[in-house]
Amino acid sequence: MTEMIGATQGSKLDVEPVFDTVERPPHVAPELVVDFDYHAPIPDGEDNYTVLSRLQQHGHDILWTPRNGGHWITTRGEDIRWVQENFGIFSHEVFTIPRGTSRIIMPPLTVDPPLHARYRAVLNPFFTPKKVAVLKEKASELAIDLIEKIAQQNQCEFVSEFASVFPVIMFLGIVDLPLEMRQDFLDWAHTFMLGETQAERDSGFGKVLGYLNKVTQERYANPGTDLMSAIAAWRDNPRFQGENEVQGMAALIYFGGLDTVASAISFMIRHLAQNPGHRRRILEDPAIIPRAAEEYLRRHGLSNTGRLIMSDVERKGATMKADEMIMVPIGCSSIDDRLYKNAMDVDFDRPELMTESGIPTHNTFGNGPHKCVGAPLARAELQIVLQEWLPRIPDFRLDPEKPVRIHMDSVPGIEEMHLLIGKE
């Protein structure tokens, strides 16, 4: 494999995205075709998981949709893990669907082994158990402050008042970016991820890259102990290949820190708002919190990412060709009844949640060399929310007058969720 990351990935990324519906290719069996558009609005009264569950009812495990230029879809946990672990066939170098919607590399996520390891080494020191322990202490203080303010109210809009505040402030502390720009950061990220046209997405991405380029230049000249300074210092590494590497690493951390944990927390709180028995269980037995957080991570797997197929491959009746795209909807693994009994239910005592050695069985954080580097911090943040929210706000429910707004897209999430605080 060539050492020239930019050159290697430029040929894979340098295509114009096709958002249109396309004709079924001859090698795609008609019975595998499904009308699925992950950018489409979610029907009223449903969520992203009910939409994904219909894919599993189709009768075939690997499907093909003509939407967004045409792509394959894995619908079962075993196939999701198979794709995640076989990076030689399913390249991370193109990670968005349709192909061409992301214009730059974002190492280590969009770099295949063995080259990805050099970039991961830049990030790993910031997510060690010792580092996470320090961050967890800060996170608890922040969560308590936010929750106590909400506890004084009789209602709240959870996403704007907590879910998009708590993890983002934590992230900004890790990278040492100004808290007062939090809303700008969120707006830019949402424009890129949820924009209706490629021009909108490029506009949001351009603002992100322009800002991050300025920051990494400043951190290179005046380094600190933060993660963004470490990324900026990559320029001095003997393996440094160009500014696109620094920009890409900074962009990856930026997007990873703003949306995924906020979505996980929101889905968790939505479930607790609807299930007082689960709230009581945690309050009466706080020792269950780590396992409860893991079950919420299992049940609410996030991300609908793509892989570029590098060579022809057949599996379960699907003939996939080189240069096609395949989607890996992690949420399909979360609700796979072949892996989990009553998979849609949240069960803190679920025996299949962990292996005998205590390792989570779910695919939420990925598998293989690209497993999420921020997983320890995400787990800690969910545990903190359970630990600090429920003693202070034991009774809350969804506001029946204000429906929960949910989107699918590349990172499913709750856009708006109104809670009524206190007993009915």
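(A) Looking closely at the pattern of salt bridges. Tallying each qualifying case throughout the model produces 28 salt bridges. With a shortest N-O distance of 3.4 Å, Asp395 and Lys423 are connected by a salt bridge. Taken together, the positions of Asp395 in the loop between α16 (375-392) and β9 (396-398) and Lys423 in the segment after β12 (418-421) put the pair 28 residues apart, joining distant regions of the chain. Judged by relative accessible area, Asp395 falls into the partly exposed class, the value being 23%.

(B) Expanded view of the sheet that holds strand β3 (residues 90-91). In spatial order, the strands read β1-β2-β8-β5-β3; together these five strands make up an open sheet with mixed pairing. Where the open sheet ends on each side, the last strands, each with one partner, are β1 (62-65) and β3. In this structure, strand β5 (residues 304-309) lies alongside strand β8 (residues 325-329), joined through five bridges in antiparallel fashion. Bridged to Leu308 within β8 is Met325. Where helix α3 (residues 77-85) meets the sheet, it contacts β1, β2 (71-74), β3, β5 and β8, and its direction lies at approximately 125° from that of β8.

(C) Structural view of the packing of helix α7 (residues 166-175) against helix α8 (residues 182-194). Two elements in contact, α7 and α8, have axes whose closest approach is 11 Å; the angle formed by their N-to-C orientations is 105°. Viewed along their axes, α7 and α8 adopt a mutual orientation that is roughly perpendicular. Along its contact with α7, which presents Val168, Ile169 and Leu172, the element α8 presents Arg182, Phe185 and Leu186. Tallied by class, the residues present in the contact of α7 with α8 amount to five nonpolar, no polar and one charged.

(D) Layout of the environment of Leu353. Positionally, Leu353 belongs in the loop between α15 (330-334) and α16. Leu353 sits 62 residues away from Arg291 along the chain, and the two C-alpha atoms are 8.6 Å apart. Among all residues touching Leu353, those that are not within four sequence positions of it are Arg291, Glu294, Glu295, Arg298, Ile359, Pro360 and Thr361.

(E) Just the nonpolar core, in detail. Within the largest apolar cluster, 128 residues are counted, with the highest numbers of intra-cluster contacts made by Phe162, Phe166 and Trp389. Ignoring sequence-local partners within four residues, the contact set of Phe162 consists of Ala143, Leu146, Ile147, Ile150, Pro167, Ile265, Val385 and Trp389.

(F) A look at the pairing of β8. Where burial is concerned, most of β8 is hidden: five out of the five residues are buried. The alternating pattern of β8 places Met325, Met327 and Pro329 on one face and Ile326 and Val328 on the opposite face, and all of these are buried. As judged from the two bridges shared by β2 and β8, these two strands associate in the parallel manner. When the bridges of β8 are listed, Ile73 appears paired with Met327.

(G) Inspection of helix α11 (residues 243-258) at higher detail. With 16 residues, α11 ought to run about 22 Å at 1.5 Å a step, and its terminal C-alpha atoms sit 23 Å apart, in line with that. Counting buried positions over the 16 residues of α11 gives twelve, a clear majority of the element. When α11 is considered as a whole, its buried residues turn out to be Glu245, Val246, Gly248, Met249, Ala250, Ala251, Leu252, Ile253, Tyr254, Phe255, Gly257 and Leu258.

(H) Quick peek at the layout of surface pockets. In this model, the largest pocket occupies a volume close to 630 Å³. Elements supplying a minimum of two residues to the lining of the largest pocket: α12 (260-274) and β10 (405-407). At three residues, the largest contribution of residues to the lining of the largest pocket is made by β10. In terms of residue class, the lining of the largest pocket is made up of twelve nonpolar, seven polar and ten charged. Approximately 310 Å³ is the volume found for the second largest pocket. Taken together, 20 residues line the second largest pocket, and the ones lying closest to its centre are Val159, Ser164, His190, Ile414 and Glu415. The set of elements that each furnish at least two residues to the lining of the second largest pocket consists of α6 (158-163), α8, α12 and β11 (413-416). With six residues, the single largest contributor to the lining of the second largest pocket is α8.

(I) Region of the structure containing the pairing of β11. Summarising the sheet, β10 and β11 pair through three bridges and their orientation is antiparallel. What sits directly across from His407, in β11, is Gly413. The hairpin formed by β10 and β11 contains five residues between the paired strands, and Asp409 there has a positive phi angle of roughly 55°.

What counts, and at which threshold
The residue count restarts for each chain, going from 1 along the sequence in the order it is written. Given that this is a predicted model, residues contribute local features only at a pLDDT of at least 70 and side-chain atom pairs are listed and counted only at 80 or more, while totals for whole chains, interfaces and linings are drawn from all residues. To get the side-chain values, all heavy atoms of the structure are used, and hydrogens and water are removed first. Salt-bridge detection follows one rule: a side-chain nitrogen of Lys or Arg within 4 Å of a carboxyl oxygen of Asp or Glu. The way it works is that DSSP assigns letters per residue, a run of H or I at least four long becomes a helix, a run of E at least two long becomes a strand, and they are numbered from the N terminus. Residue exposure (1.4 Å probe, protein chains only): buried if accessible area is under 20% of the type maximum, exposed if over 50%, otherwise partly exposed. By the convention used here, strands pair only if DSSP detects at least 2 bridges between them. It only takes one pair of heavy atoms within 4.5 Å for two residues to be counted as in contact. Axis lines are fitted through C-alpha atoms, for helices just across the contact stretch, and the angle between N-to-C directions can take any value from 0 to 180 degrees. An angle counts as roughly parallel when it lies under 35 degrees, as roughly antiparallel when it exceeds 145, as roughly perpendicular when it falls between 65 and 115, and as oblique in every other case. Here the nonpolar group is Ala, Val, Leu, Ile, Met, Phe, Trp, Tyr, Cys and Pro; Asp, Glu, Lys and Arg are the charged ones; every other residue, Gly included, is treated as polar. The definition of a nonpolar core used throughout is a set of buried Ala, Val, Leu, Ile, Met, Phe, Trp, Tyr and Cys residues joined through side-chain atoms within 4.5 Å. Multiply 1.5 Å by the residue count of a helix minus one, and that product is the helix's expected span. With a 1 Å grid laid over protein atoms only, a set of points is called a cavity when a 1.4 Å probe fits there but cannot get out and a pocket when it is open yet has protein on both sides within 12 Å along at least five of seven lines; lining residues have an atom within 4 Å of a point. Grid points are joined across faces, edges and corners, and a volume is the space filled by probe spheres set on the points.

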